[in-house]
Amino acid sequence: MRLINRHPDRPSRLLLVILPFALVLFAYFMGSAERLMDNPNDKLLPSAVQMSDAVKRLAFTADARSGDYLLWQDTASSLRRLAIGLGISAAAGLCLGIAAGTLPLFGAPLSPLLTVLSMVPPLAILPILFIVFGLGELSKVMLIVIGITPCLARDLEQRAREIPLELLIKAQTLGASTWTLMLRVVLPQLLPRLLISLRLMLGSAWLFLIAAEAIASTDGLGYRIFLVRRYLAMDVILPYVAWITLLAWLMDWGLKRLTRQAFPWYEGAKA
């Protein structure tokens, strides 16, 4: 049997999923043990005990200065900014995608503009955002919005253009107005694609958030990572990176489940 036609069964699939993570962890802890054996004060590859102690200190011990549990405070701040940014981006991207992909008079100016805006590196304009919006919450949210909205809108625009013309003609034949057409025909087709696009943009959204928090913030996951880097506190940085990765995976999983349950008919719902 050709390799391309071989599919793993359930136990084999589970093993194949776990195997690369197990190999990475094995290689890390072997390297950590070797470095700590040569130098017990080495900070580059902390042991599991050192990282667990750091997690206990940050997550389950109140900070002596503020009285807060730093890990949970940072998580709440970052997730709040991310949720606001993603919500605004989803709403704006959906509206722009429908307008550009459905209405030719809007698509003519919007489509080239979205193409150009999607090519602008968002991190390059971060100083401009800080100058315009200040160093508060707004600039961090706006970086996420500016960073992913054009890409969301372009993807949804393309999806709108792929809607069969027959559907639009039939709806108009039955007396649908432009507004009814967009709400009853175009919007249901784009909503599942919006969730899938958000899944694809989660990594970029986290990148923009961490960058903004690292430069100008007093709390947040990105702020904490860049705060302790000056002390080479890898026992804090690595758990924070793992925690961010877990949060991003949970968000991706949640959007995937929502797509499957809300739009089981959509061809990309199983992706």
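Residues numbered from 1 in each chain as written. Predicted model: local features only at pLDDT ≥ 70, side-chain atom pairs only at ≥ 80, totals over all residues. Heavy atoms only, no water.

1. So, the overall build of the chain
Phase 1: When its secondary structure is counted, the chain shows 10 helices and 0 strands.
Phase 2: Its helices and strands in sequence order give the chain the pattern α-α-α-α-α-α-α-α-α-α, from N to C terminus.
Phase 3: What you see for the chain is a C-alpha radius of gyration of 23 Å, clearly larger than the 18 Å of a compact globule of 271 residues, by over 25%.
Phase 4: Counting only C-alpha atoms and orienting by the principal axes, one finds that the chain spans roughly 80 × 60 × 30 Å.
Phase 5: The buried share among the 271 residues of the chain stands at 39%.
Phase 6: Sequence-distant contacts in the chain: of pairs separated by 6 or more residues, those separated by 24 or more amount to 68%. (Helix = DSSP H or I, 4+ residues; strand = E, 2+ residues; numbered from the N terminus. Rg over C-alpha atoms; globule rule 2.2 N^0.38 Å. Buried < 20%, exposed > 50% of the residue type's maximum accessible area, 1.4 Å probe, protein only. Contact = heavy atoms within 4.5 Å.)

2. Let's talk about the UniProt feature "domain: ABC transmembrane type-1" (unreviewed entry) in the chain
Phase 1: Look at the UniProt record and you will see "domain: ABC transmembrane type-1" (unreviewed entry) annotated at residues 75–259.
Phase 2: When the span residues 75–259 is considered, its composition is 85% helix and 0% strand, and the gap between its end C-alpha atoms is 25 Å. (UniProt positions renumbered as here; feature names shortened; annotations may be inferred.)

3. A few points about the pattern of salt bridges
Phase 1: A complete count under the given rule lists 10 salt bridges for this structure.
Phase 2: Across the salt bridge formed by Arg-81 and Glu-137, the nearest N and O atoms sit 2.7 Å from each other. A residue pair is termed long-range when its members are at least 10 positions apart, and Arg-81 in helix H3 (residues 70–102) and Glu-137 in helix H6 (residues 137–161) qualify at 56 residues.
Phase 3: The partner of Glu-213 in a salt bridge is Arg-81, with the nearest N and O atoms 2.6 Å apart. Separated by 132 residues along the polypeptide, Glu-213 in helix H8 (residues 178–215) and Arg-81 in helix H3 bring together distant segments of the chain. Like Arg-81, Glu-213 is buried. (Salt bridge = Lys/Arg side-chain N within 4 Å of Asp/Glu carboxyl O.)

4. Things to note about the packing of H3 against helix H4 (residues 104–119)
Phase 1: Following both chains from N to C, one finds H3 and H4 inclined at 120 degrees, their axes separated by 6 Å at the closest point. Between H3 and H4, the interaxial angle falls into the category oblique. The hand of the H3/H4 crossing is left-handed. Each of Leu-96, Ala-99, Ala-100 and Thr-102 in H3 lies in contact with H4, whose residues at this interface are Pro-104, Phe-106, Gly-107, Leu-110 and Leu-114.
Phase 2: Residues that form the contact of H3 with H4 fall into these classes: 7 nonpolar, 2 polar and no charged. (Axes fitted to C-alpha atoms, helices over the stretch in contact; angles between N-to-C directions. Parallel < 35°, antiparallel > 145°, perpendicular 65-115°, else oblique. Left-handed = near helix turned anticlockwise from the far one by under 90°. Nonpolar A, V, L, I, M, F, W, Y, C, P; charged D, E, K, R; others polar.)

5. Digging into the UniProt feature "transmembrane region" (unreviewed entry) in the chain
Phase 1: UniProt feature "transmembrane region" (unreviewed entry): in the numbering of this structure it lies at residues 12–31, 82–106, 113–135, 194–216 and 236–255.
Phase 2: The distance from the first to the last C-alpha atom of residues 113–135 is 28 Å, and the span holds 65% helix and 0% strand.
Phase 3: End-to-end, the C-alpha atoms of residues 194–216 are 30 Å apart, and along that stretch the chain is 96% helix and 0% strand.

6. Looking at the nonpolar core
Phase 1: Ranked by internal contacts, the top residues of the largest apolar core, which has 53 residues, are Ile-148, Trp-206 and Leu-221.
Phase 2: Element by element, the count of residues in this core is highest for H8, at 17 residues.
Phase 3: Other than its neighbours up to four places away in sequence, Leu-221 contacts Leu-71, Asp-74, Thr-75, Ser-78, Trp-206, Ile-210, Glu-213, Tyr-240, Trp-243, Ile-244 and Leu-247.
Phase 4: Counting residues in hydrophobic clusters, the runner-up holds 5 residues, among them Ala-99, Ala-100, Leu-110 and Leu-114. (Core = buried A, V, L, I, M, F, W, Y, C linked by side-chain atoms within 4.5 Å.)

7. Considerations on the state of the cysteines
Phase 1: Counted by the stated rule, this structure contains 0 disulfides.
Phase 2: For Cys-95, which is in no disulfide, the shortest distance to another cysteine sulfur is to Cys-151 and amounts to 17 Å. (Disulfide = S-S within 2.5 Å.)

8. Looking at unusual backbone geometry
In most cases, non-glycine residues show a negative phi, while peptide bonds are predominantly trans.
Phase 1: The residue Leu-232 is not glycine, and still its phi comes out positive at about 55 degrees.
Phase 2: Judged by its relative accessible area of 56%, Leu-232 is exposed.

9. With respect to the side chain of Glu-157
Phase 1: Mapped onto the secondary structure, Glu-157 falls in helix H6.
Phase 2: By relative accessible area, Glu-157 is classed as buried at 5%.
Phase 3: Contacts of Glu-157, omitting those with residues within four sequence positions, involve Gly-97, Ala-100, Gly-101, Ser-111 and Leu-114.

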